Amino acid sequence: MRDYLVVGTGLAGLSAALYAAQHGNVTLVSKYSVTEGNSSRAQGGIAVVSSSSDSIETHIQDTLNAGAGLCHIPTVENFIAQGPERAQDLSNWGVQFDKSGNENDLTREAAHSERRILHVKDQTGKAIHSALLEQVRLKSNIKLENHLFLIDLITNRRIKSYDSEFIECYGGYFYNQKTKEVISLLAQHTLLATGGAGRTYLYTSNWPGATGDGIAAAYRAGASVANMEFTQFHPTCLYHRDERNFLISEALRGEGGILVNSNGKDFTKEFHSAGSLAPRDVVARAIDSEIKRTGEKCVYLDVTHLNKEKLIHHFPEIYKKCKSLGIDLTSQPIPVVPAAHYICGGILTNANGQSGIQRLYAIGETACNGFHGANRLASNSLLECLASASNAIKDTLNTPPSTLDLRVPKWEYTNSQNEDELAVIHHIWDEIRTLMWNYVGIIRTNKRLQRAKSRLENIQSEISEYYWDFQLSPEILELRNIAQVADLIVTSSLTRKESRGTHFNLDYPEKAQSNSKPTVV
Ligand code: SIN
């Protein structure tokens, strides 16, 4: 009998648990509550070929075009070819995509040459997440644990008697937020599905827990991490004093919404012939440039020319949120700004999610498997979650089960408390997020990156002082991870001497033909 440890309860984690439950016992771990996370915030939908006018080849080509020469083509082909089968898995698990008559109601997003996005109104992530969670709860061989925070992975490097040339993973140390104790969870196969790291930036569409925990832990354990310079900024997050993280789905532009400045002028056409539906990196830079040119705080997404009933029917959540903040999107343009949305890099894996550490898999946004290259195509991420989870679980069947008769050293920690600790943590956290936004944002320069690098080095030493000297808490663990991930983003950005996809450096504004290789650190 195999056993699996799945860390993270977004779409990648839940689907991996369901696939794995066909072969063994699963411990599925969430750092807060299983209902929180980025997957359930996904509005747009899942990009899958399902209409007769579309084809696998076209979806592959759109993905490669958006990826700006850095996609790993076999991974792209593998994930996209299995799209229809993975969408069928979702239907089998109870997800009901919107229909138009007997056909799927397909929406469009930027840089897709066809309508191919399966969706459930503007709450696709929520609908998928709750359907899968219901399935997980029905499985007696999936043990769901909330409030367990991954501190570090357990590998042979931590167990002296298991010293060897290669690194092998046996599970992880977890901080139990209820008991305030550290426990170890062991498994034959560990899968990291901890999502992205949008919270490294001041402005982000991500949920508060998107702190790159899996990426940071795998890196500390010796795994390679790739393409961390490619932070994708979503062009349209709501700009409002009281709401900083609400996404305004690209599907609104897919349905005809247009980005304008405060004079009502569509400025995006000056940057790309596809205007508001150009690839995300282009649109985000166009907005950044327009905001800098005009000195205004935001631009606007105008959907007032679209059919009012259709808008309210397709986008009820966005309509409701805007309305609650005094914006009626059917009659007034929505103020928007770009915000950190998705990290195209992550733990370096192959298409099966295998990392450089044996028995350790990374799936979904946590991984860099080459699917997104330098810029992710909209709505490809939910497909990636399912395809990488399915591939990884199949791959575990080729790995001989280990006996796992290990003497894992106890996690050593202190219980000393510092009254000022929380205030200091919040201060450093703010500092990292602000410096990442200001120095490592949409437009970068060598000088700004160097400045960020030296400040982050100091911050990391300050954190290790706090980390080792005081009692563990989710705040200190998250801070340690965002500092680590921020440093990986900056280091990778300094390594890439060109501009490509979401990484734009004014000191090297062109794409270098000879540089289409991932950045591996
Ligand atoms: C959106 O709805 O705009 C987000 C879709 C995505 O990030 O893939």
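This text goes with the structure placed above it.
On a predicted model such as this, the values are computed, not experimentally measured, just so you know.

1. Some points on the overall build of the protein
From N to C terminus, the protein includes 14 helices and 19 strands. In terms of overall size, the protein behaves like a compact globule, its C-alpha atoms giving a radius of gyration of 22 Å where 521 residues would be expected to give roughly 24 Å. If you line up the protein on its principal axes, its C-alpha atoms span 65 × 50 × 50 Å. In the protein, buried positions account for 61% of the 521 residues. A fraction of 74% describes how many contacts in the protein between residues 6 or more apart in sequence connect residues 24 or more apart. On the protein, roughly 20,400 Å² of surface is accessible, and the fraction owed to carbon and sulfur atoms is 48%. The average position of the 53 basic charges and that of the 57 acidic charges among the side chains of the protein differ by 1 Å.

2. Considering the pattern of salt bridges
On inspection of all chains with the given rule, the structure shows 28 salt bridges. Between Glu-250 and Arg-253 there is a salt bridge; the shortest N-O distance is 3.3 Å. The exposure class assigned to Glu-250 is buried, which follows from its relative accessible area of 2%. Among the salt bridges present, the one from Lys-292 reaches Asp-288, with a minimum N-O distance of 2.7 Å. You can see Lys-292 and its partner Asp-288 sitting in helix H8 (residues 280–294), 4 residues apart, about one turn around the helix. With relative accessibility at 56%, the residue Lys-292 sits in the exposed group. Bridged by salt links that share partners, the residues Asp-152, Arg-158, Arg-220 and Arg-480 form one connected network.

3. A short note on the packing of helix H1 (residues 11–20) against helix H5 (residues 124–138)
One can describe the packing of H1 onto H5 by two numbers: an axis separation of 10 Å at closest approach and a directional angle of 30 degrees. Considering the angle they form, H1 stands roughly parallel to H5. In the crossing of H1 with H5, the sense of the turn from one axis to the other is left-handed. Mapping the contact onto sequence places Leu-11, Leu-14, Ser-15 and Leu-18 in H1 and Ile-128, His-129, Leu-132, Leu-133, Gln-135 and Val-136 in H5. Among the residues making up the contact of H1 with H5, the classes are represented as 7 nonpolar, 3 polar and no charged.

4. Examining the pairing of strand E15 (residues 299–302)
The pairing of strand E14 (residues 258–260) with E15 spans 3 bridges and is classified as antiparallel. The residue of E15 that forms the bridge with Ile-258 is Asp-302. Inspection of the sheet shows E15 paired to strand E16 (residues 334–343) by 3 bridges, in the antiparallel sense. Bridge pairing in E16 places Tyr-300 opposite Pro-335.

5. Re the side chain of Gln-43
By secondary structure assignment, the location of Gln-43 is in the loop between strand E2 (24–29) and strand E3 (46–47). Given the relative accessible area of 7%, Gln-43 is considered buried. Aside from chain neighbours lying at most four places away, what touches Gln-43 is Lys-121, Asp-122, Gln-123, Thr-124, Phe-246, Leu-247, Ile-248, Ser-249 and Ile-318.

6. Quick notes on the environment of His-503
On the secondary structure map, His-503 appears in the segment after helix H14 (474–495). Taking the relative accessible area as the measure of exposure, His-503 reaches 0% and is therefore buried. The spatial distance from the C-alpha of His-503 to the C-alpha of Arg-444 is 7.8 Å, given a sequence separation of 59 residues. Beyond its immediate chain neighbours, meaning those up to four positions away, His-503 contacts Glu-229, Phe-230, Arg-444, Ser-493, Arg-496 and Glu-498. Within polar-contact distance, the side chain of His-503 engages the backbone oxygen of Glu-498 at 3.5 Å.

Cut-offs and rules
Residues numbered from 1 in each chain as written. Predicted model: local features only at pLDDT ≥ 70, side-chain atom pairs only at ≥ 80, totals over all residues. Heavy atoms only, no water. Helix = DSSP H or I, 4+ residues; strand = E, 2+ residues; numbered from the N terminus. Rg over C-alpha atoms; globule rule 2.2 N^0.38 Å. Buried < 20%, exposed > 50% of the residue type's maximum accessible area, 1.4 Å probe, protein only. Contact = heavy atoms within 4.5 Å. Areas by Shrake-Rupley, 256 points an atom, 1.4 Å probe, with all protein chains shown as cover. Lys, Arg positive; Asp, Glu negative; His and termini not counted. Charge placed at Lys NZ, Arg CZ, Asp CG, Glu CD. Salt bridge = Lys/Arg side-chain N within 4 Å of Asp/Glu carboxyl O. Axes fitted to C-alpha atoms, helices over the stretch in contact; angles between N-to-C directions. Parallel < 35°, antiparallel > 145°, perpendicular 65-115°, else oblique. Left-handed = near helix turned anticlockwise from the far one by under 90°. Nonpolar A, V, L, I, M, F, W, Y, C, P; charged D, E, K, R; others polar. Pairing = 2+ DSSP bridges. Polar contact = N/O pair within 3.5 Å; in protein donor to acceptor, adjacent residues only side chain to side chain.

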